[in-house]
Every structure is written in C-alpha cells, then in structure tokens.
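# Secondary and tertiary structure notes
As a plain string of letters, each chain reads:
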Amino acid sequence: DAKTTQPTSMDCAEGRAANLPCNHSTISGNEYVYWYRQIHSQGPQYIIHGLKNNETNEMASLIITEDRKSSTLILPHATLRDTAVYYCIVRDTNAGKSTFGDGTTLTVKP
Amino acid sequence: DAGVTQSPTHLIKTRGQQVTLRCSPKSGHDTVSWYQQALGQGPQFIFQYYEEEERQRGNFPDRFSGHQFPNYSSELNVNALLLGDSALYLCASRRGVAPDTQYFGPGTRLTVL
C-alpha cells in the first residue's frame, strides 16, 4: 500500500468547513483513497472513499487531484462531535490490509 | 442490522499468559481482519481471515494466531503475553476480499501487567 502523509494536527471553528489534506504521491492506478476517523479510542469509523472522481456523502466530501497524488477530506459544517483523529489510507483493490499512519488530530473549537 | 461486535470490552492479563479475543462480523460480511493499536498510534494490521483461512499477515510474530469459524466469526489468540502487547485490538469486517468498505468494531482493550 502507498504511504500517506498527513499533518499531525489541525484546528477548526465550529460551523466552519474543515479541510483535511493527505498526500499519497506514490499511489498506483488500482489503489483507492479511504478516510476513517477515530473518536477517543473507539473503533475507526468509515467516512468516505474514492478512486479518481470526487465523492460526496452525508458525512463529507472527498476531493482527489487529477494526478491522484493528494486528496482533501471536507467536513462542510464542523461540529464539536467531529473532534477526532482522521486517517487517510490508500488501499489496493486486492489488498487485505489497510495501512494506517498516525492520522490528523482535528480539534473543533466553539 | 448489527455492526461488528467484539468481546470482551476490557481485559487484564499478566506476562506469560495467553488471551483469546472474539469478533462477530457485520451481517452479510465474510472477511475479518484484526488490528493492534498502541496508544497514540494508528492501527497496525495483524492478519485477515476469509473462508476460514488466513489470507494475509502483517509483521507480527507467531505468538499471534487466529481462527475463523463457519459462521464467519473470528478469534485472535496471543500466547506468552508481553508488556508490549498492551493495546486496543480492533476487528474489522467486509464482504469478500475485493475493495469493499471495511467496518470496525469497538475494540478490546488489553492490559498486560
């Protein structure tokens, strides 16, 4: 699996959009980008994933650059409950494992 | 629709003992993976089970072993526990081995004294 690079921490004001970047410059053509978040030692929660097109669901939007070397997770209206560690993962279509880095700790402030 | 469940929630063992952790996958899922998460770090892949066989393994010693049952539930066994085995153990499930979305359970917190 390709290595990902994320900032260690970020702050966001409540009600504002949170934009979490991820670099995955060595991603290969058959690797998907997945985002999970983990709130205070609970199990990671799936957020969204994509291959090359931008994706949106009820939780977030995922913007993948045209060269697929980076992506951004967007939480459109962050709330205090969005405070968590956010993990960006790239995973091969046939890979059993997901390789997690240390993620970005997002703190949403009132 | 039940999600991934794990038992027990917390466990305390002493060095040298053996432990068994259990996981029931989300309904409709047949593939189970186990991860170890040390404090302050991201989860690390241990192994994956599909069709009752270990399909892929991470960089963990043979003290870590597993099993998958016909109903797709799974066990993680750790022998000769070390202090460094203290961690949150996560189970994740999905359908098949294709890039289907993986869902995680709440984890088992293991403390080795």
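Preceding this section is the structure that the text describes.
What counts and what doesn't
- Residues numbered from 1 in each chain as written.
- Chains lettered and ligands numbered in written order.
- Predicted model: local features only at pLDDT ≥ 70, side-chain atom pairs only at ≥ 80, totals over all residues.
- Heavy atoms only, no water.
- 1 Å grid on protein atoms, 1.4 Å probe; cavity = no way out; pocket = protein on both sides within 12 Å on 5 of 7 lines; lining within 4 Å.
- Points joined across faces, edges and corners; volume = space filled by probe spheres on them.
- Helix = DSSP H or I, 4+ residues; strand = E, 2+ residues; numbered from the N terminus.
- Nonpolar A, V, L, I, M, F, W, Y, C, P; charged D, E, K, R; others polar.
- Salt bridge = Lys/Arg side-chain N within 4 Å of Asp/Glu carboxyl O.
- Buried < 20%, exposed > 50% of the residue type's maximum accessible area, 1.4 Å probe, protein only.
- Contact = heavy atoms within 4.5 Å.

Of the pockets and cavities examined, the largest pocket occupies roughly 260 Å³. Lining the largest pocket are 18 residues, and of these Gln38(A), Ser41(A), Val85(A), Tyr87(A) and Gln37(B) sit closest to its centre. The element best represented in the lining of the largest pocket is strand S8 (residues 84-92) of chain A, accounting for three residues. Across the lining of the largest pocket, the residue classes tally to eight nonpolar, eight polar and two charged.

All names here are of chain B. Tallied over the full model, the rule gives six salt bridges over all chains. Between arginine 22 and glutamate 75 there is a salt bridge, with its nearest N and O atoms 3.4 Å apart. Of this pair, arginine 22 sits in strand S3 (residues 19-24) while glutamate 75 sits in strand S8 (residues 74-78), and the two are 53 residues apart along the sequence. On the accessibility criterion, glutamate 75 (17% relative accessible area) is buried. Residues glutamate 54 and arginine 57 are paired through a salt bridge, measuring 3.1 Å at the closest nitrogen-oxygen approach. On the accessibility criterion, arginine 57 (28% relative accessible area) is partly exposed.

The next point concerns the side chain of Thr108(B). Residue and element names in this part refer to chain B. Position of threonine 108 among the secondary structure elements: in strand S11 (residues 108-112). For threonine 108, a relative accessible area of 0% puts it in the buried group. Contacts of threonine 108, omitting those with residues within four sequence positions, involve Gln6, Ser7, Pro8, Thr9, Leu21, Ala87, Leu88 and Tyr89.

Read these as geometric descriptors, not functional statements.
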